[in-house]
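Take a look at the letters that make up each chain.
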Amino acid sequence: MLVLSRKAGETIKIADNIEVKILEVKGDTIRIGIEAPKSVDIVRGELVQSITESNAESLTLDVNWLSTLKGKE
Amino acid sequence: MVNTIKEIETKFHDKVEVDLSKAWHFPKGLPGFEDEEEFVILPIGDGSEFQILQSTKQAGIAFVVANPYKLVEDYDFTIDEPTIDLLEIEKPEDLMVLGIVCIKEPLTDSTINLQAPLLFHIENRKAKQMILNDNRYAIKHPIGGKES
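Treat the numbers as computed from the prediction; the structure is a model and nothing was measured. (Residues numbered from 1 in each chain as written. Chains lettered and ligands numbered in written order. Predicted model: local features only at pLDDT ≥ 70, side-chain atom pairs only at ≥ 80, totals over all residues.)

*Asks:* Teacher, can you tell me more about the overall build of chain B here?
*Replies:* A count of helical and extended segments in chain B gives one helix and eleven strands. Mapped from its N terminus to its C terminus, chain B presents α and β elements in the order β-β-β-β-β-β-α-β-β-β-β-β. In summary, chain B has a C-alpha radius of gyration of 15 Å against a globular reference of 15 Å for 148 residues, a match within 12%. For chain B, the spread of C-alpha atoms along the principal axes amounts to about 45 × 40 × 25 Å. Looking at chain B as a whole, 32% of its 148 residues are labelled buried. (Helix = DSSP H or I, 4+ residues; strand = E, 2+ residues; numbered from the N terminus. Rg over C-alpha atoms; globule rule 2.2 N^0.38 Å. Buried ≥ 20, exposed ≤ 12 C-beta atoms within 10 Å, placed from the backbone.)

*Asks:* Help me understand the interface of chain A and chain B, please; the structure alone is not making it clear to me.
*Replies:* With 21 residues of chain A in contact, the opposing surface of chain B contributes 25 residues. For the side of chain A that touches chain B, the secondary-structure elements that each account for two or more residues are helix H1 (45-58) and helix H2 (65-72) of chain A. Considered class by class, the residues forming the side of chain A that touches chain B number eleven nonpolar, six polar and four charged. (Contact = placed C-beta atoms within 7 Å. Nonpolar A, V, L, I, M, F, W, Y, C, P; charged D, E, K, R; others polar.)

*Asks:* Looking at this model, I keep getting lost on unusual backbone geometry. Mind explaining?
*Replies:* Both trends apply: most residues other than glycine have a negative phi, and most peptide bonds are in trans. Residue and element names in this part refer to chain B. Here the residue pair Glu105 and Pro106 is connected by a cis peptide bond, since its omega of -5 degrees sits within 30 degrees of zero. Position of Pro106 relative to the elements: it lies in the loop between strand E7 (95-102) and strand E8 (111-112). Positive phi values are uncommon outside glycine, yet Glu88 reaches one of about 55 degrees. Within the secondary structure layout, Glu88 lies in the loop between helix H1 (81-87) and E7. With 11 C-beta atoms packed within 10 Å, Glu88 lands in the exposed category.

*Asks:* Which parts of the structure should I look at to understand the sheet that holds strand E1 (residues 11-14) of chain A?
*Replies:* Two strands in a sheet stick together by hydrogen bonds in their backbones, pointing the same way (parallel) or opposite ways (antiparallel). Residue and element names in this part refer to chain A. Overall, antiparallel pairing links the three strands, which are arranged E1-E2-E3 in an open sheet. Two strands in the sheet have a free side with no partner beyond their single neighbour: E1 and strand E3 (29-35). Looking at each pair of strands side by side, their axes are set apart by 25 degrees on average, direction ignored. Here strand E2 (residues 18-26) pairs with E3 via seven bridges, running antiparallel. (Pairing = 2+ DSSP bridges. Axes fitted to C-alpha atoms, helices over the stretch in contact; angles between N-to-C directions.)

*Asks:* When you look at H1 of chain A in this model, what are you seeing that I'm missing?
*Replies:* An α-helix turns once every 3.6 residues. As a result, residues three or four positions apart point the same way. The first and last C-alpha atoms of H1 of chain A sit 20 Å apart over 14 residues, in line with the 20 Å expected at 1.5 Å per residue. Packing partners of the buried residues in H1 of chain A comprise strand E6 (62-66) and E7 of chain B. (Expected span 1.5 Å × (residues − 1).)

*Asks:* Would you explain the nonpolar core in this entry?
*Replies:* Nonpolar side chains in soluble globular proteins tend to be buried together. In terms of nonpolar packing, the biggest core is built from 33 residues, with Trp24, Val65, Val101 and Leu118 of chain B touching the most fellow members. Once residues lying within four places of it in the same chain are set aside, the contact partners of Leu118 of chain B are Val65, Val97, Leu98, Gly99, Ile100, Ala127 and Gln129 of chain B. (Core = buried A, V, L, I, M, F, W, Y, C linked by C-beta atoms within 7 Å.)

*Asks:* How should the domain arrangement of chain A be read in this particular structure?
*Replies:* By a frequent convention, interface size equals the accessible area lost on bringing the separate parts together. Here chain A is described as being made up of domain 1 (1-39) and domain 2 (43-73). Using only C-alpha atoms to locate each centre, domain 1 of chain A and domain 2 of chain A end up separated by 35 Å. (Domains from an automatic or database assignment.)

*Asks:* Help me out: how do you make sense of the confidence of the model for chain B in this one?
*Replies:* Parts of the prediction with low pLDDT should not have their coordinates interpreted in detail. Chain-level pLDDT for chain B is 92 on average; 97% of the residues reach the 70-or-more range. Scored by ipTM, the complex comes to 0.91, with pTM at 0.90. (pLDDT = per-residue confidence, 0-100.)

*Asks:* I'm lost on the pairing of strand E2 (residues 15-19) of chain B in this one. Help?
*Replies:* Each regular strand displays side chains that alternate between the two surfaces of the sheet. Residue and element names in this part refer to chain B. For E2, a buried count of zero out of five residues is recorded, marking the element as mostly open to its surroundings. Bridge count for strand E1 (residues 5-9) against E2 is five bridges, and the pairing is antiparallel. Residue pairing across strands places Glu7 opposite Glu17, the latter belonging to E2.

Written out as structure tokens, the structure is:
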């Protein structure tokens, strides 16, 4: 992993079309601005992780669930 | 004419003949299932509010899905630019929206993911699970509140 130290107001360029700017550092929170082409997905990492876990949980359903459901109708 | 009818193995329906020209294409897969790009939607019987989003490649990959608007009447979100771009959306009517359900016992304890709706372009058949960046909706929204 590439590690860079930056101060508020400084930026990082990624390729020729993405710019990450450190807007503010306050306590343990850093506000970041990102400029990227509109085709680039930008999502909080923990959120992707939570969605991934929820998708995986949805798949754990028993294969016999459907017949159980129909049996109740 | 290319024959697009194919028999696939499914999780809940054994073997099913599907028309692959009607399959849905997830160019980026789904979070956690990035390699699963082709799915079909299978009904599970008359009157059920649920359907199955079944991978055409792996029988074990099958999500229970439901229409979120039937559960949350005022469900509403903005479609982000990357999604408009990926699915080539021109107007809202191009889209069908479903939510992935986590089935629980009893059924009324089940939840639907409103934070990451599934969007389907009904004309070009491209689809995506879009993650909403705000906190207005839950990943595990209870479906049980509604009496049925």
